[in-house]
Amino acid sequence: MDNIKDIHEAKRLIIFSDLDGSLLDHSDYSWTSALPALERIQREHVPLIFCTSKTRVEVELIQKEICITDPFIVENGGGIFFLQDFGDIPDNKAITLCGYQCVRLGTPYETIRSFIKYQKKKFTIRGFGDMTVEEIAQLTGLSAEKAALAKERDFTEPFIVGQKQDLVGLEKAARNEGLRITKGGRFYHLVGYGNNKGAAVRIVKDLYSRSWQSPILSVGLGDSMNDISMLEQVEIPVLIPHDDGLYENTYLQDLIKAPYPGSKGWNHAVHRIMDQIIPGT
Ligand SMILES: [Mg+2]
């Protein structure tokens, strides 16, 4: 993509970002290599909207560590949480959850768990709700404290299967129940049908555009299949490679391919984009 400056015009910038494998390194969840770009984003007051499969409480911790308070999208688009009042949230989707103004796109977690409990009779499926904190810590490389936060779910369920061929039957059963399966960096995720990152990004862009009364120029950074719907919705999509240097397969043509995996690639791509939009910062 060579025309970033041309499409910038008088638009205001928003950055949407996946966390695991994108801003956070796949192996140890570090974002140290992205610190220069994070500081630049904060200096320029550019909203940084996390758009992740992580839970609300996991994102709260990361936001606190990075010192940001922007809205955030959790559980693959299951919910959008706002600290400040955005006013125009569509009534049919607005709820108050844990003190936040929240847009709920996902299915209640109890419904998702009921499906898994039933399917366990036929398939080798194990969700986070079936696992101990220690098991999740082992599978993810998270500390026990952080693994416990990953279990506090509102809308979706990460899972593994003992036999890969079970996925075909599970996908069919999910469809019949108005659910679907998507894939992140480590796990499959069982999500509600209207629950995807792209739908959530569209809502956030629309709310900012109305709040600012200005057109939006949006950047999206992601590394996995579950990020593609987010990358479809932004003007400047950025694909981060996996740790082995390979990129997720996508039909999206006009995207920036970050040259490195994880936070180093994230840092490089954000600088490249901001150099063209807000040079000299
Ligand atoms: Mg990822």
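Everything here concerns the structure above.
These numbers were taken from a predicted model, which means no experiment stands behind them. (Residues numbered from 1 in each chain as written. Predicted model: local features only at pLDDT ≥ 70, side-chain atom pairs only at ≥ 80, totals over all residues. Heavy atoms only, no water.)

### Some thoughts on the coordination of the magnesium ion
Protein ligation of the magnesium ion involves D18 (OD), D20 (O) and D223 (OD), the donor distances falling in the range 2.2 Å. Each donor residue of the magnesium ion belongs to the same chain, and together they define the spacing D-x1-D-x202-D. Overall, the relative accessible area of 4% leaves D18 in the buried class. (Donors = N, O, S within 2.8 Å, 3.2 Å for Na, K, Ca; no water. Buried < 20%, exposed > 50% of the residue type's maximum accessible area, 1.4 Å probe, protein only.)

### Considering the sheet that holds strand 4 (residues 79-82)
Pairing in this open sheet of 4 strands is antiparallel, and the strands run 3-4-6-5 from one edge to the other. Unpaired on one side and paired on the other, strand 3 (72-74) and strand 5 (94-97) mark the two borders of the sheet. With direction set aside, neighbouring strand axes in the sheet form an average angle of 35°. Where strand 4 lies against strand 6 (residues 100-104), 4 bridges are found, and the strand directions are antiparallel. Opposite G79, over in strand 6, you have R104 as the bridge partner. Against the sheet, helix 3 (residues 56-66) makes contact with strand 3, strand 4 and strand 6, and its axis sits at roughly 145° relative to strand 3, the strand it touches most. The strands that helix 8 (residues 197-212) touches are strand 3, strand 4 and strand 6; relative to strand 4, the one it contacts most, it runs at about 30°. (Pairing = 2+ DSSP bridges. Helix = DSSP H or I, 4+ residues; strand = E, 2+ residues; numbered from the N terminus. Axes fitted to C-alpha atoms, helices over the stretch in contact; angles between N-to-C directions. Contact = heavy atoms within 4.5 Å.)

### Observations concerning unusual backbone geometry
The general pattern is negative phi for most residues beyond glycine and trans for most peptide bonds. Residues other than glycine seldom take positive phi values, yet C67 does so here, at roughly 70°. Owing to a relative accessible area of 60%, C67 belongs among the exposed residues under this scheme. With a phi angle near 55°, N76 is a residue other than glycine that sits in the positive phi range. With respect to the secondary-structure elements, N76 resides in the loop between strand 3 and strand 4.

### Observations concerning the packing of helix 2 (residues 35-43) against helix 10 (residues 262-277)
The description of two packed helices rests on the angle between their axes and on the distance between the axes. Relative orientation of the contacting elements helix 2 and helix 10 amounts to 40°, with a least axis distance of 8 Å. In this structure, the crossing between helix 2 and helix 10 has a hand that is left-handed. Within the contact between the two elements, helix 2 uses P36, A37, L38, R40 and I41 and helix 10 uses W266, N267, V270, H271, M274 and D275. Taken together, the residues of the contact of helix 2 with helix 10 break down into 7 nonpolar, 2 polar and 2 charged. (Left-handed = near helix turned anticlockwise from the far one by under 90°. Nonpolar A, V, L, I, M, F, W, Y, C, P; charged D, E, K, R; others polar.)

### Let's talk about the layout of surface pockets
By volume, the largest pocket is sized at about 190 Å³. Put simply, the parts of the chain that give the lining of the largest pocket at least two residues each are helix 3 and helix 6 (144-150). Tallied by class, the residues present in the lining of the largest pocket amount to 7 nonpolar, 2 polar and 5 charged. When residues are assigned to domains, the lining of the largest pocket turns out to be shared by domain 1 (4-106 + 196-277) and domain 2 (109-192), each giving three or more. (1 Å grid on protein atoms, 1.4 Å probe; cavity = no way out; pocket = protein on both sides within 12 Å on 5 of 7 lines; lining within 4 Å. Points joined across faces, edges and corners; volume = space filled by probe spheres on them. Domains from an automatic or database assignment.)

### Points about the pattern of salt bridges
Under the counting rule described, the total for this entry stands at 13 salt bridges. Two residues, D130 and K120, come together in a salt bridge whose shortest N-O distance is 2.9 Å. Taken as a pair, D130 in the loop between strand 7 (125-127) and helix 5 (133-140) and K120 in the loop between helix 4 (109-119) and strand 7 lie far apart in primary sequence, 10 residues in all. For K120, a relative accessible area of 38% translates into the label partly exposed. In this structure, the salt-bridge partner of E135 is R126, at a minimum N-O distance of 2.5 Å. Given the relative accessible area of 24%, E135 is considered partly exposed. Among the ionic contacts, a cluster of salt bridges with common partners joins R113, K120, D130 and E157. (Salt bridge = Lys/Arg side-chain N within 4 Å of Asp/Glu carboxyl O.)

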